[in-house]
Structure formats: structure tokens, C-alpha cells
Amino acid sequence: MANGQWFPPEWPDRIRALAEGTLTPVTPKRAATVMLLKDGPAPTVHMLRRRASMAFAGGAYAYPGGGVDPRDDEHHIRWAGPTRAWWAKRLGGDETSAQAVVCAAVRETYEEAGVLLAGPTPDTVVGDTTGEEWEADRAALVARDFSFAEFLDRRGLVLRSDLLGAWARWITPEFETRRYDTWFFVAALPQGQRTRNASTEADRTVWINPADAAASYDKGELLMMPPTIATLRQLTAYDTAADALAAAPDRDLTPVLAKARLENGEVVLSWPGHDEFTKHIPTGGASA
């Protein structure tokens, strides 16, 4: 492996089937993931390593994230920052869907990293989420005993959408068995809060400088999927979390979707605008 790009062994056969018209793509589910940033001598981003036993991308580094809970579409919650209408325009959907996607971003950061982008008032953030009652609520969210909107209501909290910046949007390739339409966000670690490995899907978490992480990927030392390393490389241009957040509103959210085609006896897999991920897969199944 020349770098740390994760490449599922079943992709070649599925790509060929899609190119030949014998595979019907599944509909992608909405999802959100958050690049949580922290300032220091050098800016760092919070990443988790998926357990090696995971069927999908085992051992790969990723950001906290997961699927949208449809229950968060309709439930009206206390909201700070840009309006739902603003987010709907930014994310390319309606207001209810935009609320659910933003809720997913905040919820997954809480579930997997213990960091909560919400507060008792529109201009505050909770300072500590490590107590037993907080942990009980976090576990109940993971179990989907109640929605994130219901959790906010129970706690009397305001969701701080102004602490998030929409960064990118990637859609799982059409030949995958599980597909997600994922919005990537950036956020800064709130003062007084700290991360922890709260995810059952991760065996390790790290704060790492984006440039160092990208260099380790290039050496084949860190395993990542294309959306992860692509967004990680983009973060290297910013010296502080505030700089990245300030740049977010101007980021292009045109969905990135891999394309597969048959060419000269090979299946060619490419991600528009991201040439480094292009794969040439011979009919025998080996990749290059």
C-alpha cells in the first residue's frame, strides 16, 4: 500500500456490476460528522480509530459522526445562531431536514467524544459533561431511547448552531452496500470541556495536527477513507480553529460522489476534484 487509503476488498466486483448495469444503488441515508479543532502550539483535530473488528473501515481513522435521527426533523427546539432557513439554504434542503442534520452533528460529537455544543442560553455552552447524570443521558442517546431534540428539551438547553461551520459534503459511492449522504462540519472545542473516547466503535482517540496526520497517511501509517484524508488536507491551511470556522461559510458544499467506469479492460474509480484517489482496477480484481 503506497498510502493509508482504505479500500474494501469487495469493491472491484461491485464496481464492475454497477458499470455493467447489474447493480442497483441503494438510497443514501443522511449523516453528519464533525472535525473538532483545538488550538495550541499547532492546531489539532480530534480523531478516533475504528476498532479493527468493525466490518466497515476497521482500523481506519475518522471523525465523530453518524446517521441522522428522523425524529429530529419536526421537533422544534431552542436554537441559537443562523436560522433554520439559513441552514436549509446552506445544506441544500428544507428547514426540517437542516435542523436534523445539525442535530446529528452536535449529537454525534456528544455521543462519541463527550463534547456538547449547547448551553442554557443562546450565548453560553455547558462547561462539564462528565457527571453520572450526563453519562446516563449520553448512553440513552446512543441507545436511541429518546431523540436529541428531546434531550435538549429535558435539559433546558439551546443548540448552538453558530459553533458549527459546514465544510464539505460527500456521498458514499453508488456501488457500496451501505451509503451515506454526509455533511462535514468544523467546530472548536468549547472552553471547559474535554474529549474522551465515549464511542463503542473506537479503540483509540487522538488530538493530532492535520499536517502530521496527512504525512502519516502518505507513509501508510494511518489508515483513512478518501473523505477523511481529503478534509484533513484542507485543514492544514488554517493556523487556528477560528480561522477554519471563519472560512466555512465560503466552502463549496457540492456533493463529492465517486464515479466508476469501464475503460480499456479496467474499472476506473475516481472522485471528481480529488485525483489522488483514482483507482485502476483490472478485470482480475487487483487495484493500482
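For the structure itself, look to the data block above.
Residues numbered from 1 in each chain as written. Predicted model: local features only at pLDDT ≥ 70, side-chain atom pairs only at ≥ 80, totals over all residues. Heavy atoms only, no water.

## With respect to the sheet that holds strand 12 (residues 259–263)
Strand order in the open sheet formed by three strands is 12-13-14, with antiparallel pairing between adjacent strands. The two strands at the open ends of the sheet, each matched to only one other strand, are strand 12 and strand 14 (274–282). Neighbour-to-neighbour, the strand axes of the sheet open up by a mean angle of 20 degrees, direction not taken into account. Taken together, the five bridges between strand 12 and strand 13 (residues 266–271) define a ladder with antiparallel strand orientation. The residue of strand 13 that forms the bridge with Arg261 is Val268. (Pairing = 2+ DSSP bridges. Helix = DSSP H or I, 4+ residues; strand = E, 2+ residues; numbered from the N terminus. Axes fitted to C-alpha atoms, helices over the stretch in contact; angles between N-to-C directions.)

## What to know about the pairing of strand 13
In summary, the side chains of a regular strand alternate between the two faces of the sheet. Where burial is concerned, most of strand 13 is hidden: five out of the six residues are buried. Linkage of strand 12 to strand 13, two consecutive antiparallel strands, is achieved through a turn of two residues, within which Asn264 is found at a positive phi near 50 degrees. (Buried < 20%, exposed > 50% of the residue type's maximum accessible area, 1.4 Å probe, protein only.)

## Let's talk about the pairing of strand 9 (residues 180–188)
The element strand 9 is largely enclosed, with a buried count of seven among its nine residues. Pairing geometry for strand 1 (residues 29–38) and strand 9, over nine bridges, is parallel. Bridge pairing links Thr33 to Phe184 in strand 9. Taken together, the seven bridges between strand 8 (residues 164–171) and strand 9 define a ladder with antiparallel strand orientation. Bridge assignment links Ile171 to a residue of strand 9, and that residue is Asp181.

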